[in-house]
Amino acid sequence: AEEIGKADLACDLAAVLSERDFLRFDREAPNSDIRSRLEIINKARREKKERPEIRNVLRSANDLRRRFKGTKHAAILDQVGTILAFAYPDRIGELRKKSTTNYRLSGGRGATLLNNDKLQGEPYLVVADLDGKGRDARIYLAASIRYQELIHQFSDDLSTEIRVFWDEQKERIIAQEETKIGALILDEKRVKSPPEEDIARALLDVIRNKKMRMLPWDKGSTSIRERVAFARHHDTQLSDWPDLSESWLLENLTEWLLPYLAGKNSLLGLQDLKLEEILRSLLTWEQQSRLKNFAPDFIVVPTGSNIRLDYSDLQGPVLAVRLQEMFGQADVAKVADGKVAISIHLLSPARRPAQITQDLAGFWKNTYADVKKDLKGQYPRHYWPDDPLQAEPTARAKPRKR
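Residues numbered from 1 in each chain as written. Predicted model: local features only at pLDDT ≥ 70, side-chain atom pairs only at ≥ 80, totals over all residues. Heavy atoms only, no water.

The subject of this paragraph is the overall build of the chain. When you go through the chain residue by residue, the secondary structure sums to 13 helices and 13 strands. Its C-alpha atoms give the chain a radius of gyration of 38 Å, more than 25% over the compact-globule value 21 Å for 402 residues. Judged by the C-alpha coordinates and their principal axes, the chain covers about 115 × 50 × 40 Å. For the chain, with 402 residues in total, the buried portion stands at 43%. Looking at the chain alone, contacts between residues at least 24 apart form 58% of all its contacts between residues at least 6 apart. Surface summary for the chain: the accessible area is close to 23100 Å², and the carbon and sulfur share equals 45%. With 67 positive and 61 negative side-chain charges, the chain shows a spacing of 5 Å between the two charge centroids. (Helix = DSSP H or I, 4+ residues; strand = E, 2+ residues; numbered from the N terminus. Rg over C-alpha atoms; globule rule 2.2 N^0.38 Å. Buried < 20%, exposed > 50% of the residue type's maximum accessible area, 1.4 Å probe, protein only. Contact = heavy atoms within 4.5 Å. Areas by Shrake-Rupley, 256 points an atom, 1.4 Å probe, with all protein chains shown as cover. Lys, Arg positive; Asp, Glu negative; His and termini not counted. Charge placed at Lys NZ, Arg CZ, Asp CG, Glu CD.)

Counted at 1.5 Å a residue, the expected span for helix α1 (residues 7-18) with its 12 residues is 16 Å, and the 16 Å between its end C-alpha atoms agrees. Here α1 has its buried residues at A7, D8, L9, C11, D12, L13, A15 and V16. As for α1, its buried residues are in contact with α2 (34-47), α3 (55-67) and α4 (80-87). (Expected span 1.5 Å × (residues − 1).)

Of the voids in this model, the largest pocket is the one considered here, and its volume is about 650 Å³. In terms of lining, the largest pocket is formed by 18 residues, of which the most central are K97, R163, Q176, I185 and E188. Mapped onto the lining of the largest pocket, the elements with two or more residues apiece are β1 (92-95), β6 (159-167), β7 (172-181) and β8 (184-190). Among the residues forming the lining of the largest pocket, the class breakdown is 7 nonpolar, 1 polar and 10 charged. The computed volume of the second largest pocket comes to approximately 400 Å³. D21, L23, R37, Y140 and L141 are the residues nearest the centre of the second largest pocket, which is lined by 22 residues in total. (1 Å grid on protein atoms, 1.4 Å probe; cavity = no way out; pocket = protein on both sides within 12 Å on 5 of 7 lines; lining within 4 Å. Points joined across faces, edges and corners; volume = space filled by probe spheres on them. Nonpolar A, V, L, I, M, F, W, Y, C, P; charged D, E, K, R; others polar.)

All chains considered together, the criterion is met by 10 aromatic pairs. Aromatic side chains F327 and W364 sit 5.8 Å apart centroid to centroid with 50° between the ring planes, which places their arrangement in the tilted category. Remark: W364 occurs in helix α13 (residues 360-378) and F327 occurs in the loop between β11 (318-322) and β12 (343-347); sequence separation between them is 37 residues. The class for F327 is buried, based on a relative accessible area of 1%. On the basis of relative accessibility, which here comes to 6%, the residue W364 falls in the buried class. On the basis of an interplanar angle of 75° and a centroid distance of 5.5 Å, the ring pair of W364 and Y368 is categorised as edge-to-face. Of this pair, W364 and Y368 are both found in helix α13, 4 residues apart, which corresponds to roughly one turn of the helix. A single burial state applies to W364 and to Y368, both of which are buried. (Phe/Tyr/Trp six-rings, centres within 6.5 Å; stacked < 30°, edge-to-face > 60°.)

Read around the barrel, 5 strands follow the order β1-β2-β3-β5-β4 and close on themselves; strand pairing throughout is mixed. Adjacent strand axes in the sheet meet at a mean angle of 55°, parallel and antiparallel pairs treated alike. Across 3 bridges, the pairing between strand β3 (residues 110-112) and strand β5 (residues 136-144) is parallel. Looking at the pairing, G110 lines up with D136 of β5. Strand contacts of α4: β1, β4 (124-130) and β5, with the helix running at about 130° to β5, the strand carrying the most contacts. (Pairing = 2+ DSSP bridges. Axes fitted to C-alpha atoms, helices over the stretch in contact; angles between N-to-C directions.)

With their axes 11 Å apart at the nearest point, helix α7 (residues 219-234) and helix α12 (residues 285-294) run at an angle of 85° to one another. When the axis of α7 is compared with that of α12, the two are roughly perpendicular. The segment α7 lies against α12, with I224, R227, V228, F230, A231 and H234 engaging L291, K292 and F294. (Parallel < 35°, antiparallel > 145°, perpendicular 65-115°, else oblique.)

The next thing to look at is α2. Its 14 residues place the ends of α2 20 Å apart at the C-alpha level, agreeing with the 20 Å of an ideal helix rising 1.5 Å per residue. Looking at α2, one finds that the buried residues are I34, S36, R37, L38, I40, I41, N42, A44 and R45. Turning to α2, the residues buried within the fold contact α1, α3, α4 and β5. Capping the start of α2, D33 holds a side-chain oxygen 3.0 Å from the backbone nitrogen of R35, two or three residues further along. Positive backbone phi, approximately 55°, marks K48, located one or two places after α2. (Polar contact = N/O pair within 3.5 Å; in protein donor to acceptor, adjacent residues only side chain to side chain.)

The strand order β6-β7-β8 describes an open sheet built from 3 strands, whose pairing is antiparallel. Since the sheet does not close on itself, it has two edges, and those belong to β6 and β8, each with one partner. This sheet shows a mean twist of 35° between the axes of neighbouring strands, independent of strand direction. Two strands pair when backbone bridges link them, and β6 and β7 are joined in this way by 9 bridges, in the antiparallel orientation. Its bridge partner lying in β7, S159 is registered against K180.

Now the structure itself:
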């Protein structure tokens, strides 16, 4: 404080902080402003009257002033916050957004004023006395400080860094240059062209933290993971199938996904990722060829439709197809080199399960008549032939007229 000509003010502050607070607490209008205490001391000096409650503070202040060869005049109170900040650089506080009482301190912790406190709503404070309890400590004594004072008096303590982070509201990566004192951000401005690698790695961290839910998983990308898992479980001929489980993918994001994040910085940009192709690239040519035959992605049904198999159950895949598309077919080939039967989920015209079977011929012979009777009542306009093995399959309500 001596260097900026404020030794007298510093002595008075030190005296106030070393003695018991003499300002009576008012629940309706709490006042943590240390400047209010200094104004009372100044008034006592000018009037040369020692009120009993401030006698000890005045004696202590006068003793400090004599030791530092100060004056006996009232101190000028224009830089109370600055002097306190010299003493407590880790207690410079910035008002949190959408709050009038909660502050983030430069040391990283939080602090809060009581409602209706005199300092409520001040953009910046320096806290001289607070408790050590809870996430946000209660502020007992503090002083306001102007932004320009911070920038001018603490220029040597300011640091500048570029921070690349995910903006949850904008759903994109933001890069900005931040001027900080401790944990407080005093100034920030957007960086137009941050390094692509920094953006990609920040995006990768978000993907990891969100457990890959941001990625555009579709039927194709999900299917290839499930088919590889099925092959790992059943294939005795080829044993080096990769692990495409969620835990492995999360642990190895840097290796399999980071190269594809170049030029992307948003949730919208991620939707362009071809996950099925990316995952397939983790297989060798031999594995890709083997997977096509061992665990085929699609089955061609009698109507000519390509129906995707569901491999979510390791015990065997599911073919979910409308019953009328299977007319004329007596059986479905097994997968896994003919070792694992496909579970056929025959669906109603409304695509609700009507029957589940692994023996299609047995269904046509033994069960179809009962299922037909039930479905025909619900869907009378659809095609319900008496002999399904001789009937024409259709994906429509009825076969086209020839």
